[in-house]
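Coordinate analysis (summary)
Take a look at the letters that make up each chain.
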Amino acid sequence: MSLFFLNFLKYSLNNGEVPHKNIDNANWHYLLDFAKRQSIVGVYWGGIKRLYEIEKFQANKPTDEDVM
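What you see is a predicted model, and the numbers here were worked out from it, not measured in a lab.

This paragraph deals with the confidence of the model for the protein. Low pLDDT means the predicted coordinates in that region are not meant to be read closely. Confidence along the protein averages 81 in pLDDT terms, with 78% of residues attaining 70 or more. Highest mean pLDDT in the protein belongs to helix α1 (residues 3-13) (89); lowest belongs to helix α4 (residues 64-67) (66).

Another aspect to go through is the packing of α1 against helix α3 (residues 41-52). Orientation of α1 relative to α3, taken along the N-to-C sense of each, is 75°, at an axis distance of 8 Å. Relative to α3, the element α1 is oriented roughly perpendicular. Of α3, the residues touching α1 (which contributes F5, L6, F8, L9, Y11, S12 and L13) are V43, Y44, G47, I48, R50 and L51.

The next thing to look at is the nonpolar core. Residues F4, F8, W28, L31 and Y44 are the most contacted members of the largest nonpolar core, which totals 15 residues. For this core, the secondary structure elements donating two or more residues are α1, α2 (28-38) and α3. In terms of residue count, the dominant contributor to this core is α2 (5 residues). Aside from chain neighbours lying at most four places away, what touches F8 is I23, W28, L31, Y44, G47, I48 and L51.

What counts, and at which threshold
- Residues numbered from 1 in each chain as written.
- Predicted model: local features only at pLDDT ≥ 70, side-chain atom pairs only at ≥ 80, totals over all residues.
- Heavy atoms only, no water.
- pLDDT = per-residue confidence, 0-100.
- Helix = DSSP H or I, 4+ residues; strand = E, 2+ residues; numbered from the N terminus.
- Axes fitted to C-alpha atoms, helices over the stretch in contact; angles between N-to-C directions.
- Parallel < 35°, antiparallel > 145°, perpendicular 65-115°, else oblique.
- Contact = heavy atoms within 4.5 Å.
- Core = buried A, V, L, I, M, F, W, Y, C linked by side-chain atoms within 4.5 Å.
- Buried < 20%, exposed > 50% of the residue type's maximum accessible area, 1.4 Å probe, protein only.

Here it is, written out as structure tokens:
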């Protein structure tokens, strides 16, 4: 399991948390596949929605295909 997955989980659960520095290189397909296997897609979805509010992360965000 990737440490990034756990860091993103921590970010998703804590509103005061800032995204991990490696978020620019995130592979959303793998992260969401992990979330499905762990039955925590809703938790990760909260973190993903928060990323949409951060201007600097607009370049690397999950595609609609990744989310579906």
